[in-house]
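Fold and contact review
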Amino acid sequence: MSSILDRLNDRQKEAVLKTEGPLLILAGAGSGKTRVITNRIAYMIQEKGVYPGQILAITFTNKAASEMRERQEKMLGMALRGAWICTFHSCCVRILRMHADKVGYNTNFTIYDADDQKTVIKNICKKFDIDTKQFKEKWFLGQISSAKDELIDVDQFERNASGDYYLERVAKVYREYQKELIRNNAMDFDDLIVKTVELFRKNPDVLAMFQERFRYISVDEYQDTNTAQFVFVGLLAKKYRNICVVGDDDQSIYKFRGANIENILNFEKVFPDAAVIRLEQNYRSTKTILNAANAVISNNTNRKAKTLWTDAEEGEKVRLFYVENPYMEADRVIAVIRKYLHDGYPLNSCACLYRTNAQSRALEEAFIRANIPYKIVGGVNFYQRKEIKDILAYLKTIDNGSDDVAVKRIINVPKRGIGASSVNLVQHFADERGISFYSALDTGLTEGIFGKAGEKLRSFRDLIEELRRDAEESSVKALIEQVLDKSGYMMELQAEQTVEAQTRIENIEELVNKAAAYDDSFQEPGRSADGEEPQDEFLMVQDHATLSGFLEEVSLIADIDSWDGAEDYVSLITIHSAKGLEFDNVFLCGMEDGLFPMNAAICSDDPGDLEEERRLAYVGITRAKKHLVLTASKTRMVRGETMVSALSRFVREIPPMILENDRDNLYIKTGSADREAPSKSASKVKLSDKPYLFASEKKQFEVKNQAGLGYGVGDRVSHIKFGEGIVTAIDAGGKDFEVTVDFEDFGVKKMFASFAKLEKL
DNA sequence: CCTACTACGCTTTTT
DNA sequence: GCGTAGTAGG
């Protein structure tokens, strides 16, 4: 017991010891909340005899969940069998996989992403003759999603809408959308929560079963929960009331997608006997950084009073660079990073945070030029890539023929002569019979009503049926390989012989690796159900690799899940995605009024919008442990036009005493003149084809042996930025080869082989 | 039915 | 300034 409480402060101890009854922990940034949750659970298991199967711990990202499980198991020195440590979404999926039949779904339902949703809405608009230029699909989806966040179902929405022309129209689309999803046996992200709540409300026996099971519940990042999630947790905790929520109202940055800060206040309403514990000692940042954060956030009026303090050293001043253009801004970042590297900091101690993904371009360019390993976290999601979505659509079709969106996506991919008219023919038949697209295809073929188009449709049907037979006995990995082979997808890509096609093939290979990892994960102990206590049997959904299991895992993955702090590169990441992470050296880029805070927030009628931006600034600042550097550019290209902007008000809210304007600081000189925007003659930097990388892609910066380089001294090579040149030397460095190249246009450069990605010509 | 061109719309943030 | 979606022409 002592080991659990030893390294905690009094407040933290109090939180750990309070295992029974409702508990609200207001945990400031860097106050060790993860540590408290982990220790609290360990304490329950070791000292209170709580059985792991009675524990439900909900986190915000998959990454946070697996990290928590890892820490927990390390601390306890054993596998946490039976405990659910997961996100809201994955938790609800697990529940629905057992009981979806009670809310009108088949338990092998698929999960729709934003693209799938848009496709459905688009079809509905077509059906209702709605002009999508006037009413955008996104607008409908936004309305529907907000309604679901608040647990407003179609009927209630309709009642509320009565009299309002626009809302009535949304109601009509909402109704049709839900109908279409049920027809496709699909749920969107919001439905996962909504349908679980519906399940609990309609089936007290099912709810009672889960209440019995999860006697100890904790929720991390509580300030980011929406109403539906709050109700979901509330229902589960109603019986035993052992619920612990941990949050920080100052770090609430997801109001735009329904997060409800009121949940923090409401917690004390729903659980009037709730104990409230404040964690205000910060263990992460220097005094200076904390002062800056406190100064900024104190401008918000709507917050729970709280003052973070620290015993840490004063630290260096916050640096500010306010320069002419984004290229200079990136150069400053690079220069300071070089200094930190020189001082002995590793690459992964540095992170560039920004408000919008678009800002990553100029930074990426500078990192390539500087030959400093970096990784963009987020951006275009791997699973949103065309080729990946195509393959997944095949898998979905094989797994669940009622997913029309998936079937239609691949019915003519690769081209097999089934065009719009054939698809319409089948769809018409499907509507007539009131059956799914694929069954219509199947039935229609048997009845021979498709005429000339029948032949091609038949070969598609036969392909899917053959793959379904394959799916019966092969692993997910093998099945994907069958799909690639039998559909001709891979052959078509290989025939293309372009760089783009090669990148796609690599992405697909990565998906195959992902599938193999999934298959293997059931071979290891800890994930399998063997040895599971009897009471768990009915709760264990997955005890072996299945196609549905894989699809589910893949559909719930977020960008941040691929971030691996142990790998050595500089992280480029949005502030939103960086929440929960910490770095010695943090660069906050694009600190300009109009960009951060965004114009929309500055101009908004709701002052709450600006406050949310300020909380975002607070989150950004508090990611820093040792050094905080702010950069801003006087000009910036926005939608092809050059905008001129003032320094962000958030920067001006930091006391000048702790701010050091480094614009003219000499140590920063890079030796090269400040750059203007690149001229037209300058070769355009070709940005990486795959800025998004899997954590598993360790090969990125690893070169096993010199032969693996593919070139040698004297060879002619090409570099992404510097163009063509001759290799003059290759030296073995610590963990990589240092290659010296004499470029035609840029002269002699030395670079790390694994990062430079030189190609032999 | 497929390919190539044009226009538009997009930039908040993500489970 | 870029990527996608829709249209027109072959």
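This section reports on the structure supplied with the text. Predicted model, so just to flag it, every value in this text is computed and none were measured. (Residues numbered from 1 in each chain as written. Chains lettered and ligands numbered in written order. Predicted model: local features only at pLDDT ≥ 70, side-chain atom pairs only at ≥ 80, totals over all residues. Heavy atoms only, no water.)

**A word on the overall build of chain A**
Note the following rule: Per the convention used, a helix needs a DSSP run of H or I reaching at least four residues, while a strand needs a run of E reaching at least two, with both numbered from the N terminus. With a 1.4 Å probe rolled over the protein chains alone, any residue whose accessible area is under 20% of its type maximum counts as buried; one over 50% counts as exposed, and the rest are partly exposed. The contact criterion used is simple: two residues touch if any of their non-hydrogen atoms lie within 4.5 Å. The method behind every accessible area is Shrake-Rupley, applied with a 1.4 Å probe, and residues are considered shielded solely by the protein chains displayed.
The number of helices and strands found in chain A is 30 helices and 22 strands. For chain A, buried positions account for 56% of its 761 residues. In chain A, once contacts between residues fewer than 6 apart in sequence are set aside, the share between residues at least 24 apart is 75%. For chain A, the accessible surface area stands at approximately 33,500 Å², while carbon and sulfur atoms represent 50% of it.

**Notes on the pairing of strand β14 (residues 624-633)**
Put simply, the rule is: Two strands form a pair only when DSSP identifies at least two bridges running between them.
Across the 10 residues that make up β14, a large majority, 8, are buried. By the bridge criterion, 5 bridges tie strand β9 (residues 318-323) to β14 in an arrangement that is parallel. Bridging across to β14, Val 323 finds its partner in Ser 633. In this structure, strand β13 (residues 583-588) lies alongside β14, joined through 5 bridges in parallel fashion. Bridge pairing links Asn 585 to His 627 in β14.

**Points about the packing of aromatic side chains**
Note the cut-off: Two rings from Phe, Tyr or Trp (for Trp, the six-membered ring) form a pair when their centres sit within 6.5 Å of each other. Planes less than 30 degrees apart are called stacked, planes more than 60 degrees apart edge-to-face, and all others tilted.
Within this structure, the stated rule accounts for 20 aromatic pairs. Ring geometry for Phe 596 versus Phe 650: centroids 5.5 Å apart, planes at 75°, classification edge-to-face. Here the residue Phe 596 occupies a position in the loop between β13 and α27 (599-603), and Phe 650 occupies one in helix α29 (residues 649-652), the gap between them amounting to 54 residues. This pair shows no difference in class: Phe 596 is buried, exactly as Phe 650 is. Put simply, the rings of Trp 84, Phe 88, Phe 200, Phe 210, Phe 214 and Phe 232 touch in pairs and so form one group of aromatic residues.

**A look at a positive patch on the surface**
The line we're drawing: What goes into a patch is any residue over 30% in relative accessible area without a salt bridge, connected to like charges within 9 Å or, for nonpolar side chains (Val, Leu, Ile, Met, Phe, Trp, Tyr), within 5 Å. We define a salt bridge as a side-chain nitrogen of Lys or Arg found within 4 Å of a carboxyl oxygen belonging to Asp or Glu. Neither His nor the chain termini are counted; the positive set is Lys and Arg, and the negative set is Asp and Glu. Here the site of a charge means atom NZ of a Lys, CZ of an Arg, CG of an Asp or CD of a Glu.
Among the surface-exposed residues, Lys 118, Lys 122, Lys 126 and Lys 138 lie close enough to one another that they form a single positively charged patch. Per-element accounting of the positive patch gives the leading share, 3 residues, to helix α6 (residues 114-128). Locating Lys 118 in the fold gives a position in helix α6. What makes Lys 118 partly exposed here is its relative accessible area of 35%.

**Some details on the pattern of salt bridges**
Overall, the coordinates contain 51 salt bridges when judged by the stated rule. The residue Lys 579 makes a salt bridge to Asp 224 at a minimum N-O spacing of 2.1 Å. On the criterion of sequence distance, the pair formed by Lys 579 in the loop between α26 (575-578) and β13 and Asp 224 in the loop between β6 (216-219) and α12 (227-237) is long-range, its members being 355 residues apart. What makes Asp 224 buried here is its relative accessible area of 4%. Between Asp 390 and Arg 409 there is a salt bridge; the shortest N-O distance is 2.8 Å. In this pair, Asp 390 is assigned in helix α17 (residues 386-399) and Arg 409 in helix α18 (residues 404-410), connecting sequence segments 19 residues apart. If you follow the salt bridges from partner to partner, you end up with Lys 33, Asp 220, Glu 221, Asp 224 and Lys 579 in one network.

**A few points about the pairing of strand β12 (residues 570-574)**
A large share of β12 lies buried, amounting to 5 of its 5 residues. Going residue by residue along β12, you find Val 570, Leu 572 and Thr 574 tucked away on one face and Ser 571 and Ile 573 tucked away on the opposite face as well. Across 4 bridges, the pairing between strand β10 (residues 350-354) and β12 is parallel. From the neighbouring strand, Tyr 354 faces β12, where its bridge partner is Thr 574.

**Brief notes about helix α25 (residues 547-555)**
Each α-helix winds once per 3.6 residues, and so residues spaced three or four apart point in a common direction. Extensive coverage of α25 is indicated by the burial of 7 of its 9 residues. Residues Leu 547, Gly 549, Phe 550, Leu 551, Glu 552, Val 554 and Ser 555 constitute the buried set of α25. On its buried face, α25 is in contact with α5 (88-99), β4 (110-112), α10 (189-202), α17, α22 (476-486) and α24 (499-521).

**Considerations on helix α9 (residues 165-183)**
Rules: Every helix has an expected span of 1.5 Å times one less than the residues it contains. Residues adjacent in sequence count toward polar contacts only when both atoms are side-chain atoms; beyond that, a polar contact is any pair of N or O atoms within 3.5 Å, and within protein one must be able to donate a hydrogen and the other to accept it.
Between its first and last C-alpha atoms α9 spans 27 Å; for 19 residues at 1.5 Å apiece the expected length is 27 Å, and the two agree. All buried positions along α9 are accounted for by Val 170, Ala 171, Val 173, Tyr 174, Glu 176, Tyr 177, Gln 178, Glu 180 and Leu 181. For α9, the N-terminal cap is Asp 164; the gap from its side-chain oxygen to the backbone nitrogen of Tyr 166 is 2.9 Å. At the exit of α9 stands Asn 185, carrying a positive phi of roughly 50°.

**A look at the state of the cysteines**
Put simply, the rule reads: Two cysteine sulfur atoms make up a disulfide if the distance between them is within 2.5 Å.
Going through the model one piece at a time under the given rule, you end up with 0 disulfides. In this model Cys 244 remains outside any disulfide bridge; the closest cysteine sulfur is found in Cys 86, 16 Å from its own. Of the residues examined, Cys 244 reaches a relative accessible area of 2% and is grouped as buried.

**Some remarks on the packing of helix α20 (residues 437-447) against helix α21 (residues 454-473)**
The cut-off we apply is this: All axes here are fitted lines through C-alpha atoms, helices being fitted over the stretch that makes contact, and every angle between N-to-C directions spans 0 to 180 degrees. Should the near helix be turned anticlockwise from the far one by less than a right angle, the crossing is termed left-handed; should it be turned clockwise, right-handed. Three classes are used: nonpolar for Ala, Val, Leu, Ile, Met, Phe, Trp, Tyr, Cys and Pro, charged for Asp, Glu, Lys and Arg, and polar for all others, with Gly counted as polar.
Running from amino to carboxyl end, α20 crosses α21 at an angle of 115°, the nearest separation of the two axes being 10 Å. For the pair α20 and α21, the sense of crossing is left-handed. Within the contact between the two elements, α20 uses Tyr 438, Leu 441, Asp 442 and Leu 445 and α21 uses Gly 454, Leu 457, Arg 458, Phe 460, Arg 461, Ile 464, Glu 465 and Arg 468. The residue makeup of the contact of α20 with α21, split by class, is 6 nonpolar, 1 polar and 5 charged.

**A closer look at the sheet that holds strand β1 (residues 23-27)**
Spatial strand order, β3-β2-β6-β7-β1-β8: 6 strands in an open sheet with parallel pairing. Pairing within the sheet leaves two strands with one partner each, and these edge strands are β3 (84-87) and β8 (275-279). Mean inter-strand twist for the sheet, computed between neighbouring axes without regard to direction, equals 15°. Two strands pair when backbone bridges link them, and β1 and β8 are joined in this way by 5 bridges, in the parallel orientation. When the sheet's bridge partners are listed, Leu 23 is paired in β8 with Ala 275.

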